[in-house]
Amino acid sequence: ILFIRRLFMLKTYEEIDFWLQQNQIKNYIINHDLTVNVFTDVLLLNEIKNIPVQFGVVQGSFICSRIGLTSLKGCPQKVLGTFDCSYNPLKSLKYGPNEVEKSYNCDNCQLTSFTGCPVKIEGDFYCYNNKIKSFKHLENAFQLY
């Protein structure tokens, strides 16, 4: 039953806490709205199609590359380090972080547009080997700060 529920967002503090521990995520707080703030890096290594918890702010890097993600739903809203979702069969950046303070890497996905691109990227943006047809939605990501 737990395996089936992992395909969707987890709905209780206990389920979220268990998933975080199983994925060796440390130094976090589960907020009242069940979003998760992490005070260090997050490195997801287990193959999953969807992230079953909603991250809020990650004060380190958030690495979810090469795990089979088909959606960025559950990704943090803000990453103070690097965000890396490369080598996943993603078609969109929708649900990804709104702000990334270091680099953003979405190389080798299946992206066709920049829909869902962050509104703020302070470091480098890597998007090599995708099928981008339009640069719309990218213009706001690289404003001068």
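A brief look at the structure comes next. Not measured: the values here are computed from a predicted model. (Residues numbered from 1 in each chain as written. Predicted model: local features only at pLDDT ≥ 70, side-chain atom pairs only at ≥ 80, totals over all residues. Heavy atoms only, no water.)

Before going further, it helps to spend a moment on the environment of Asp-17. Structurally, Asp-17 can be placed in helix 2 (residues 13–22). Sequence-wise, Asp-17 and Ile-30 are 13 residues apart; in three dimensions their C-alpha atoms are separated by 7.8 Å. Contacts of Asp-17, omitting those with residues within four sequence positions, involve Tyr-28 and Ile-30. (Helix = DSSP H or I, 4+ residues; strand = E, 2+ residues; numbered from the N terminus. Contact = heavy atoms within 4.5 Å.)

What follows concerns the side chain of Lys-120. Mapping Lys-120 onto the fold places it in strand 10 (residues 120–121). Assessed through its relative accessible area of 18%, Lys-120 is described here as buried. Polar contacts involving the side chain of Lys-120 include one to the side chain of Glu-122, which spans 3.1 Å. (Buried < 20%, exposed > 50% of the residue type's maximum accessible area, 1.4 Å probe, protein only. Polar contact = N/O pair within 3.5 Å; in protein donor to acceptor, adjacent residues only side chain to side chain.)

The subject of this paragraph is the pattern of salt bridges. Scanning all chains against the criterion turns up three salt bridges. Between Lys-78 and Glu-99 there is a salt bridge, and its shortest N-O distance comes to 3.7 Å. You can see Lys-78 sitting in strand 6 (residues 78–79) and its partner Glu-99 sitting in strand 8 (residues 99–100), a full 21 residues away along the chain. Note on Lys-78: relative accessible area 27%, which makes it partly exposed. Residues joined in a network through salt bridges with shared partners are Lys-78, Glu-99 and Glu-101. (Salt bridge = Lys/Arg side-chain N within 4 Å of Asp/Glu carboxyl O.)

The next point concerns the sheet that holds strand 4 (residues 54–58). A sheet is described by the order of its strands in space; here six strands give the open sequence 1-2-4-6-8-10, paired in mixed fashion. Two strands lie at the open edges of the sheet, namely strand 1 (28–30) and strand 10, each paired on one side alone. As paired strands, strand 6 and strand 8 are joined by two bridges and run parallel to one another. By the bridge assignment, Lys-78 is partnered in strand 8 with Glu-99. In the packing of helix 2 onto the sheet, the strands contacted are strand 1, strand 2 (35–38) and strand 4, and the crossing angle to strand 1 comes to about 160°. (Pairing = 2+ DSSP bridges. Axes fitted to C-alpha atoms, helices over the stretch in contact; angles between N-to-C directions.)

Let us now look at the nonpolar core. In summary, soluble globular proteins display a tendency toward joint burial of nonpolar side chains. With 37 residues, the main nonpolar core has Trp-19, Ile-51, Phe-55, Phe-62 and Phe-83 as its most contacted residues. Mapped by element, the contributors of at least two residues to this core are helix 2, strand 2 and strand 4. Top contributing element to this core by residue count: helix 2, with three residues. Not counting the four nearest positions on each side in its chain, Phe-55 is found in contact with Trp-19, Leu-20, Ile-25, Val-36, Val-38, Val-42, Phe-62, Gly-74, Cys-75, Pro-76 and Gln-77. (Core = buried A, V, L, I, M, F, W, Y, C linked by side-chain atoms within 4.5 Å.)

Once that is clear, we can look at the environment of Arg-66. Here Arg-66 is to be found in the loop between strand 5 (62–63) and strand 6. A relative accessible area of 57% means that Arg-66 is categorised as exposed. In this structure, the C-alpha to C-alpha distance between Arg-66 and Tyr-87, residues 21 residues apart in sequence, is 4.9 Å. Every residue in contact with Arg-66, bar those within four places of it in the chain, is listed here: Ser-86, Tyr-87 and Asn-88.

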